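Observations on the model geometry
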Amino acid sequence: MKPIKVGLLGIGTVGSGVFTVLARNAEEISRRAGRPITIAVVADKAVERAREITGGQVRITDDAYSVVADPEIDIVVELIGGYTIARELVLAAIENGKHVVTANKALLATHGNSIFAAAQKKGVMVAFEAAVAGGVPIIKALREGLTANRIEWIAGIINGTTNYILSEMRDKGLAFDEVLRAAQQLGYAEADPTFDIEGVDAAHKITLLSALAFGIPVQFDKAYVEGITKLTAEDITYAEQFGYRIKLLGITRRQANGVELRVHPTLVPERRLIANVEGVMNAVLVQADAVGATLYYGRGAGSEPTASAVIADLVDVTRLHTADPEHRVPHLAFRPDRMADLPILPMEEVVTSYYLRLRVEDKPGVLADVTRILADDEISIDAMLQKEPAEGEDQADIIMLTHRCLEKRINAAIARIESLAAVRGDVVRLRLEQLQ
Ligand code: HSE
């Protein structure tokens, strides 16, 4: 049967994985897709490098715009990244009636609504399995495997770089900066790791998952984003003493009045499977009403794991491209004319538990003052630890875990605690999820 023709935009780490895996597994992939999937052209600024990777078997160009306009091409695979050129190319491909496969979470989390609308209008597919958790088929699970369910919440370790850093900090008792430097030297972290360590990459991904889970538009601008740069080895150790591990989680949860959408370091009970996901691995936990909890685990980045997701999308598009567009799986799992208008809740309206660490003068009545403030704000203490002052010091650390309460209530209590004369410096506040 006539092969389906792919135009590959960008042949870096993921693109070269797509080329290699498509070639290696061509026979199996064609048996699954119903016809061969062939890369007809590769666009990359590094033409010589592209030639080396493809071994001269594929047409190479440095002009990506010519690929999205090429009548021979059925599917455009966008692996350039970023918001500007990638957006122009994706919209041009759609306008030219081509299906698009992309790994670009930043693009879809910020411009997804207009891109999906344009694709809908043109009757083409935009597939993005590789955009969240690399090779882990979480988009497929949410769009298809879980369609019977009302999804309640999702919590995911969806950034491998930060999970690696947190694992190393815990294992070796090292400071954040030290681990980050080592990770950069080993090539595990980008030269500019800002999007990873500040939680932005995870927020792009959880934004896409929230849209798929609840049938709402993508709303990255309303996500709460807090990274791991301020996390100390001290808090990781204290959390362990209470039986918790700290993970950078992307969380989205349905509440009666809206949807929580947030990324922040989170204490998770160490007996949970997800708390034991270490190093660069990703894991997404989905709580749904019929099936209960399901956990998806695997490699969230890397050449062939991400290529695995890109090629799965190529197979899907190949299987469906002659189907009536009305009867294809909707881009965001729900039909575009049946999207919900649930608002994304501001962080102050989120309900969760907390870890608090404060440094206080070690004298009578201080603890009573602190607990009275919490009691006045109806915040219930779950567990508490006071560390005796170091030799020759008169200040002690108090660490508390609270039961669940509204974030605005804990914020008010923290402000009052910090105003006590016996409390030194700022209160450290981390969020805690039982994930039951
Ligand atoms: N930089 C991401 C991570 C992979 O560290 O998981 C690509 O999304």
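Residues numbered from 1 in each chain as written. Predicted model: local features only at pLDDT ≥ 70, side-chain atom pairs only at ≥ 80, totals over all residues. Heavy atoms only, no water.

Section: the overall build of the protein chain
A tally of helices and strands in the protein chain yields 15 helices and 17 strands. For 436 residues, the compact-globule formula gives about 22 Å, and the C-alpha radius of gyration of the protein chain, at 24 Å, lands near that figure. Along the first, second and third principal axes, the C-alpha atoms of the protein chain reach 80 × 45 × 35 Å. Of the contacts made within the protein chain by residues no fewer than 6 positions apart, 74% connect residues no fewer than 24 positions apart. For the protein chain, the exposed area adds up to about 18700 Å²; of that, 49% sits on carbon and sulfur atoms. When the 48 positive and 59 negative side-chain charges of the protein chain are each reduced to one mean point, those points stand 6 Å apart. (Helix = DSSP H or I, 4+ residues; strand = E, 2+ residues; numbered from the N terminus. Rg over C-alpha atoms; globule rule 2.2 N^0.38 Å. Contact = heavy atoms within 4.5 Å. Areas by Shrake-Rupley, 256 points an atom, 1.4 Å probe, with all protein chains shown as cover. Lys, Arg positive; Asp, Glu negative; His and termini not counted. Charge placed at Lys NZ, Arg CZ, Asp CG, Glu CD.)

Details of the environment of leucine 435
Relative to the helices and strands, leucine 435 resides in the segment after strand E17 (423-432). Taking the C-alpha atoms as reference points, leucine 435 and proline 269, 166 residues apart in sequence, are found 8.2 Å from one another. In this structure, leucine 435 is in contact with Trp153, Ala155, Leu249, Val268, Arg272, Ile274 and Leu285, ignoring residues within four places of it in sequence.

Remarks on the layout of surface pockets
Taken as a whole, the largest pocket holds about 1200 Å³ of empty space. Along its surface, the largest pocket is lined by 42 residues, and Lys105, Glu190, Asp196, Asp201 and Ala301 are the ones closest to its centre. Of all the secondary structure elements, the ones that give two or more residues to the lining of the largest pocket are helix H1 (13-24), helix H6 (105-122), helix H8 (160-172), helix H10 (194-197) and helix H11 (200-214). The residue inventory of the lining of the largest pocket, partitioned by class, reads 16 nonpolar, 18 polar and eight charged. In terms of domain composition, the lining of the largest pocket takes at least three residues from each of domain 1 (4-135 + 303-338) and domain 2 (144-298). (1 Å grid on protein atoms, 1.4 Å probe; cavity = no way out; pocket = protein on both sides within 12 Å on 5 of 7 lines; lining within 4 Å. Points joined across faces, edges and corners; volume = space filled by probe spheres on them. Nonpolar A, V, L, I, M, F, W, Y, C, P; charged D, E, K, R; others polar. Domains from an automatic or database assignment.)

Points about empty space enclosed by the protein
Remark: the empty space left among the atoms is shown by a probe the size of a water molecule rolled over them. A full pass over the atoms with the stated rule returns one cavity of 30 Å³ or more. In this structure, the largest cavity occupies an estimated 40 Å³ of space. Counting residues per element, the ones that place at least two in the lining of the largest cavity are H8 and strand E9 (244-255). Of the residues that constitute the lining of the largest cavity, the class distribution is three nonpolar, one polar and four charged.

Remarks on the nonpolar core
Of all hydrophobic cores here, the largest spans 85 residues; its most connected members are Ile138 and Leu209. The biggest single contributor to this core is H11, with 10 residues. If we skip the residues at most four places from it in the chain, isoleucine 138 touches Glu129, Val132, Ala133, Leu209, Val284, Val286 and Tyr296. Counting 32 residues, the second largest nonpolar core, distinct from the first, contains Ile29, Ile37, Ala50 and Ala103. (Core = buried A, V, L, I, M, F, W, Y, C linked by side-chain atoms within 4.5 Å. Buried < 20%, exposed > 50% of the residue type's maximum accessible area, 1.4 Å probe, protein only.)

A closer look at helix H5 (residues 85-95)
Along H5, the residues classified as buried are Ala86, Leu89, Val90, Ala93 and Ile94. The buried residues of H5 occupy an angular sector of 135 degrees when projected down its axis, which confines them to one face. On its buried face, H5 is in contact with strand E1 (4-9), helix H4 (64-68), strand E4 (75-78), strand E5 (99-102), H6 and strand E6 (126-127). Positioned one or two residues after H5, glycine 97 has a phi angle of 80 degrees, which is positive. (Arc of directions from axis to C-beta.)

Looking at the site of the ligand
In the region of the ligand, the neighbouring residues are Lys105, Asn159, Gly160, Thr161, Asp196, Asp201, Lys205 and Ala301. Between asparagine 159 and the ligand, the recorded distance is 3.4 Å, taken from a side-chain N or O atom to an oxygen atom. The separation between a nitrogen atom of the ligand and a polar side-chain atom of aspartate 196 is 3.0 Å. Contact with the protein chains hides 81% of the accessible area of the ligand, taken as 260 Å² for the molecule alone. Given that more than half its atoms are within 2 Å of the pocket grid, the ligand belongs to the largest pocket. If you list the elements that add at least two residues to the shell around the ligand, you get H8 and H11. Of the residues contributing to the shell around the ligand, the split by class is one nonpolar, three polar and four charged. (Near = heavy atom within 4 Å. Polar contact = N/O pair within 3.5 Å; in protein donor to acceptor, adjacent residues only side chain to side chain. Sits in = over half its atoms within 2 Å of the grid points.)

Here we look at the pattern of salt bridges
Using the criterion set out here, one finds 36 salt bridges in the structure. Here arginine 51 ties to glutamate 48 by a salt bridge, and the two come within 3.0 Å at their closest N and O atoms. Taken together, the residues arginine 51 and glutamate 48, both in helix H3 (residues 47-54) and three residues apart, mark about one turn of the helix. We note a salt bridge from aspartate 235 to arginine 357, for which the minimum N-O separation is 2.6 Å. Note that aspartate 235 is positioned in helix H12 (residues 233-241) and arginine 357 in strand E13 (residues 351-361), a separation of 122 residues in sequence. When sorted by exposure, aspartate 235 lands in the same class as arginine 357, which is buried. Overlapping salt bridges, with partners in common, bring together Arg170, Asp171, Glu240, Arg245, Lys247 and Glu278 in one network. (Salt bridge = Lys/Arg side-chain N within 4 Å of Asp/Glu carboxyl O.)

What to know about the environment of alanine 396
Mapping alanine 396 onto the fold places it in strand E15 (residues 395-402). Look at alanine 396 and you get buried, because its relative accessible area is 1%. When the C-alpha positions of alanine 396 and glycine 112 are compared, they lie 49 Å apart, and in sequence the two are 284 residues distant. Each residue touching alanine 396, except ones within four places of it in the same chain, is listed here: Leu358, Arg359, Val360, Asp362, Gln386, Lys387 and Pro389.

Some remarks on the domain arrangement of the protein chain
Along its sequence, the protein chain is organised into domain 1 (4-135 + 303-338), domain 2 (144-298) and domain 3 (347-432). On a C-alpha basis, the centroid separation for the pair domain 2 and domain 3 is 25 Å. At the junction of the two partners, domain 2 supplies 20 residues and domain 3 supplies 21 residues. Roughly 1700 Å² is buried in total at the junction of domain 2 and domain 3, and carbon and sulfur atoms are behind 59% of that figure. Summed over the three residues of domain 2 that lose the most area to domain 3, namely Tyr238, Phe242 and Leu267, the buried surface amounts to 36% of that side. One can count three salt bridges joining domain 2 with domain 3. Between the two partners, domain 2 and domain 3, sit seven residue pairs in polar contact (both at pLDDT 80 or more). Those elements that provide at least two residues to the side of domain 2 that touches domain 3 are H12, E9 and strand E10 (258-269). (Buried area = accessible area lost by both parts, 1.4 Å probe.)

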